[in-house]
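Inside the fold
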Amino acid sequence: AAWKALSFFYSGRCGFEVPGVHIECHLDAFCRHPDGRTIPICGGWHDAADVSQAIDKTCDVIIAMLDLADAARDKEPELCARVLEEARWGLNWAMRTRFGDGYRHTSLVKGIWTANFRGDKDDMEGQAQNTAIHNYTASYTCAFAAPFFTEDPYFSDWCLQCAREDFQFA
């Protein structure tokens, strides 16, 4: 069941070509900070049939994946490695879609597959929010994740830095 679930998440990756399933997608989806800055929000996984994404749902999945990786570490190292690869995909998105000042992408219902060209009529833009619950959720997820990625100290340190900052913003 774990392998099938991982395949399902892999097929739902956003901003990534999944051979035989979909091309790179939502390269023209952005989040706007109140000060006017924007960040791309492709990445992570589509978390519903409407190809939406939300930080809270992504973090729930990451925590579940890390729990599975921990349980599989000694008994099934190949499964553990694959789970960590997929969890890292989600973590990368969670940390990349923050502005570093408490504002972050929290959710966007996309509803369509876009042409991936910025400036045409199918562009999507969410509004960054600075909310305690989303910052707490991201903080505990990144803090929990950091020890799983110590073989890559830059990534592990990025997790810890984001965890500390988001906790303070919350």
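All of these numbers come straight from a predicted model, not from anything done at the bench. (Residues numbered from 1 in each chain as written. Predicted model: local features only at pLDDT ≥ 70, side-chain atom pairs only at ≥ 80, totals over all residues. Heavy atoms only, no water.)

Things to note about the overall build of the chain
Operational definition: By the criteria applied, helices consist of DSSP H or I runs no shorter than four residues and strands consist of E runs no shorter than two, each listed in order from the N terminus. A radius of gyration in this sense is built from C-alpha atoms; the matching globule rule multiplies 2.2 Å by the number of residues raised to 0.38. Per-residue accessibility, obtained with a 1.4 Å probe over protein chains only, is compared with the maximum for each type, and a residue is labelled buried under 20%, exposed over 50%, and partly exposed between these values. Contacts are residue-level and defined by heavy atoms, with any inter-residue pair within 4.5 Å sufficient.
In terms of regular secondary structure, the chain is built from 5 helices and 5 strands. Counting from the amino terminus, the chain carries its helices and strands in the arrangement α-β-β-β-α-α-β-β-α-α. For 170 residues, the compact-globule formula gives about 15 Å, and the C-alpha radius of gyration of the chain, at 16 Å, lands near that figure. The principal-axis extents of the C-alpha atoms in the chain amount to approximately 50 × 40 × 25 Å. Counting all 170 residues of the chain, 46% fall into the buried class. The contacts in the chain between residues at least 6 apart in sequence include a share of 70% that link residues at least 24 apart.

Details of the packing of helix 2 (residues 55–72) against helix 4 (residues 132–145)
We apply this condition: Axis lines are fitted to C-alpha atoms, over the contacting stretch for helices. Their N-to-C directions set the angle, which ranges from 0 to 180 degrees. In what follows, roughly perpendicular refers to angles from 65 to 115 degrees, roughly parallel to angles under 35, roughly antiparallel to angles over 145, and oblique to any angle outside these ranges. The crossing is said to be left-handed when, going from far helix to near helix, the turn is anticlockwise and less than a right angle, and right-handed when the turn is clockwise.
Look at helix 2 against helix 4: their axes get within 10 Å of each other, and the N-to-C directions meet at 20 degrees. With respect to helix 4, the element helix 2 is oriented roughly parallel. Regarding helix 2 and helix 4, the two cross each other, and that crossing is left-handed. Across the interface between the two elements, I55, D56, C59, D60, I62, I63, L66 and D67 from helix 2 touch H134, T137, A138, Y140, T141, F144 and A145 from helix 4.

A look at the environment of G36
Inspection of the secondary structure assignment puts G36 in the loop between strand 1 (29–32) and strand 2 (38–40). Overall, G36 belongs to the partly exposed group, its relative accessible area being 35%.

Observations concerning the pairing of strand 1
The condition is simple: The pairing criterion is simple: DSSP has to find at least two bridges between the two strands.
As defined by bridge partners, strand 1 adjoins strand 5 (residues 124–127) across 4 bridges and the pair is classed as parallel. Residue pairing for strand 5: A29 is matched across the bridge by M124. Across 3 bridges, strand 1 lies against strand 2 in antiparallel orientation. Pairing of F30 across the sheet is with P40, part of strand 2. What sits between the antiparallel neighbours strand 1 and strand 2 is a turn of 5 residues, in which G36 has the positive phi angle 100 degrees.

Describing the sheet that holds strand 1
Ordered in space as 2-1-5, the 3 strands form an open sheet in which the pairing is mixed. The open sheet has two free edges, formed respectively by strand 2 and strand 5, since each of these has just one partner strand. Mean inter-strand twist for the sheet, computed between neighbouring axes without regard to direction, equals 30 degrees.

Overview of the pattern of salt bridges
What counts, and what does not: A pair is scored as a salt bridge if a Lys or Arg side-chain nitrogen falls within 4 Å of a carboxyl oxygen belonging to Asp or Glu.
All told, the structure shown has 13 salt bridges when counted by the stated rule. The closest approach of N and O atoms between R13 and E86, which form a salt bridge, is 2.9 Å. Taken together, the positions of R13 in the loop between helix 1 (2–11) and strand 1 and E86 in helix 3 (residues 77–96) put the pair 73 residues apart, joining distant regions of the chain. A single burial state applies to R13 and to E86, both of which are buried. A salt bridge links R82 to E86; the nearest nitrogen and oxygen atoms lie 2.7 Å apart.

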